[in-house]
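An overview of the molecular structure
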Amino acid sequence: MKLELMRIDKYISSQLNGVSRKDAKALCRKNEVLVNGSVVKNSDEKIVAGKDTVTVQGENVPYKKHIYIMLNKPQGYVCSTKDGKSPTVMELVPPELYRDGLFPAGRLDKDTEGFVLLTDDGELSHRMLLPKNHVEKKYYAELEYPVEEYYISEFEKGMQIDGGDVCLPARIEFVPGNEKACYVYLNEGMYHQVKRMFEKLSNKVVFLKRLRIGRLDLDENLASGECLELLHKDVEKIL
Ligand code: URA
């Protein structure tokens, strides 16, 4: 991990949800902050984030530069940080995982379910969304009419959908036992893309769920509406 020199009050407020810079200074004044076992005298003291051990009120505060959260998004929530009308996915983040600067990396429609990555890491989000990085997303789709054999080649050739957008080659897979369901694999995320692709084939998506981003599967034990903090090794599977 890259080591970073940081003021102790900044460290505490960036790592502990609900603790402002002012609160962090007050904790230092009350001798409630230790660095490597010694009481911090001044809140402008610098520490090496990721190396020094910080304790606040007896609790260890490990350094995490960024946070990565897997959300199993339910229908009815929009993927944005603010919305005047509808509830947003941010409302599903439990307080212990919430951080300033958190946002959904990539969008699902309000009526789409499944895997949404929430993070405060703008660089990862940017890399993940660039089509040239080929971060494949897997969806499960249920359609109004049966999935036809010829859809496979239509998806593979790169479809032109309404509005003139041309899709990158994509894959489709049948779901055994359900002729109206399929898995769709995309390397990009245009607006309503899966729905528009099936519309072009005179079919209609009636249910859509994202199951995987890159090589990281939506945890099947994660209930709808629940969040899971990801480990570094999981995040690496995304890119
Ligand atoms: N394609 C869609 O049509 N909707 C989504 O939410 C994601 C992909």
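Residues numbered from 1 in each chain as written. Predicted model: local features only at pLDDT ≥ 70, side-chain atom pairs only at ≥ 80, totals over all residues. Heavy atoms only, no water.

**A few points about the packing of aromatic side chains**
Put simply, the rule is: Two rings from Phe, Tyr or Trp (for Trp, the six-membered ring) form a pair when their centres sit within 6.5 Å of each other. Planes less than 30 degrees apart are called stacked, planes more than 60 degrees apart edge-to-face, and all others tilted. Secondary structure counts use DSSP, requiring at least four H or I residues in a row for a helix and at least two E residues in a row for a strand, with both numbered from the N terminus. For every residue, the accessible area obtained with a 1.4 Å probe (protein chains only) is divided by the maximum for its type, and the residue is called buried under 20%, exposed over 50%, and partly exposed between those limits.
Counted according to the given criterion, the structure contains six aromatic pairs. Here Tyr-140 and Phe-207 contribute two aromatic rings whose centre-to-centre distance is 6.1 Å and whose plane-to-plane angle is 65°, an arrangement assigned as edge-to-face. Taken together, the residues span a long stretch of sequence, with Tyr-140 in strand S10 (residues 137-143) and Phe-207 in strand S13 (residues 205-213) at a distance of 67 residues. A residue is classified by how much of its surface remains accessible, and Phe-207, at 21% relative accessible area, is partly exposed. Both rings, one in Tyr-150 and one in Tyr-151, keep their centres 5.1 Å apart while their planes meet at 80°; by these two values the pair is edge-to-face. The partly exposed category is assigned to Tyr-150, whose relative accessible area is 41%. Note on Tyr-151: relative accessible area 2%, which makes it buried. Aromatic ring contacts, followed pair by pair, group Tyr-150, Tyr-151, Phe-155 and Phe-198 into a single cluster.

**What about the domain arrangement of the chain?**
Applied cut-off: Domain segmentation is taken from an automatic or database assignment of domains.
Domain boundaries assigned for the chain yield domain 1 (4-60), domain 2 (66-133 + 218-239) and domain 3 (136-213). Between the C-alpha centres of domain 1 and domain 2 the distance comes to 28 Å.

**Considering the side chain of Asp-120**
For clarity, the cut-off: Polar contacts, as counted here, are pairs of nitrogen or oxygen atoms within 3.5 Å of one another; within protein the pair requires one atom able to donate a hydrogen and one able to accept it, and residues that are adjacent in sequence qualify only if both atoms are side-chain atoms.
Here Asp-120 shows up in the loop between strand S9 (113-119) and helix H3 (122-129). Overall, Asp-120 belongs to the buried group, its relative accessible area being 16%. A polar contact of 3.2 Å, which involves the side chain of Asp-120, links it to the side chain of His-66. Within the local environment of Asp-120, its side chain forms a polar contact with the backbone nitrogen of Ile-67, the two atoms lying 2.8 Å apart.

**A few points about the pattern of salt bridges**
Threshold: Take a side-chain nitrogen of Lys or Arg and a carboxyl oxygen of Asp or Glu: if they are within 4 Å of each other, that pair is a salt bridge.
Applying the stated criterion to the full structure yields 15 salt bridges. Between Asp-109 and Lys-195 there is a salt bridge, with the nearest N and O atoms lying 2.7 Å from each other. Placement of Asp-109 in the loop between strand S8 (103-105) and S9 and of Lys-195 in helix H5 (residues 193-200) is noted, with a sequence separation of 86 residues between them. The class of Asp-109 is buried, set by a relative accessible area of 18%. Among the charged side chains, a salt-bridge network with shared partners connects Arg-7, Asp-9, Arg-21 and Lys-25.

**Quick look at the site of the ligand**
Here is the rule we go by: Residues are counted as near a molecule or strand when any one of their heavy atoms sits within 4 Å of it. The classification used treats Ala, Val, Leu, Ile, Met, Phe, Trp, Tyr, Cys and Pro as nonpolar, Asp, Glu, Lys and Arg as charged, and all other residues, Gly among them, as polar.
The environment of the ligand is made up of Leu-108, Asp-109, Thr-112, Tyr-139, His-192, Gln-193, Val-194, Lys-195 and Leu-208. For the ligand, a nitrogen atom lies 2.7 Å from a polar atom in the side chain of Asp-109. A distance of 3.3 Å separates an oxygen atom of the ligand from a polar atom in the backbone of His-192. By residue number, the principal contributor to the shell around the ligand is H5, which donates three residues. The class makeup of the residues in the shell around the ligand is four nonpolar, three polar and two charged.

**Re helix H1 (residues 8-15)**
The condition that has to hold: The reported arc concerns the directions from the helix axis to the C-beta atoms and nothing else. It only takes one pair of heavy atoms within 4.5 Å for two residues to be counted as in contact.
Regarding H1, the residues found buried are Ile-8, Asp-9, Tyr-11, Ile-12 and Gln-15. The buried residues of H1 occupy an angular sector of 160° when projected down its axis, which confines them to one face. Residues of H1 that are buried make contact with strand S1 (4-7), helix H2 (21-29), strand S2 (33-35), strand S4 (46-49) and strand S5 (54-56).

**Topic: the packing of H1 against H2**
We apply this condition: To get an axis, a line is fitted to the C-alpha atoms, and for a helix only the part in contact is used. The angle between two axes follows their N-to-C directions and goes from 0 to 180 degrees. Comment on the angle field: the value is read as roughly parallel under 35 degrees, roughly antiparallel over 145, roughly perpendicular from 65 to 115, and oblique elsewhere. Note on convention: the crossing is left-handed when the near helix lies turned anticlockwise from the far helix by less than a right angle, right-handed when the turn is clockwise.
Orientation of H1 relative to H2, taken along the N-to-C sense of each, is 120°, at an axis distance of 8 Å. One way to sum up the angle between H1 and H2 is to call them oblique. Viewed along their axes, H1 and H2 form a crossing whose handedness is right-handed. Touching Ile-8, Asp-9, Lys-10, Ile-12 and Ser-13 of H1 are Arg-21, Ala-24, Lys-25, Leu-27 and Cys-28, all from H2. Counted by class, the contact of H1 with H2 contains five nonpolar, one polar and four charged residues.

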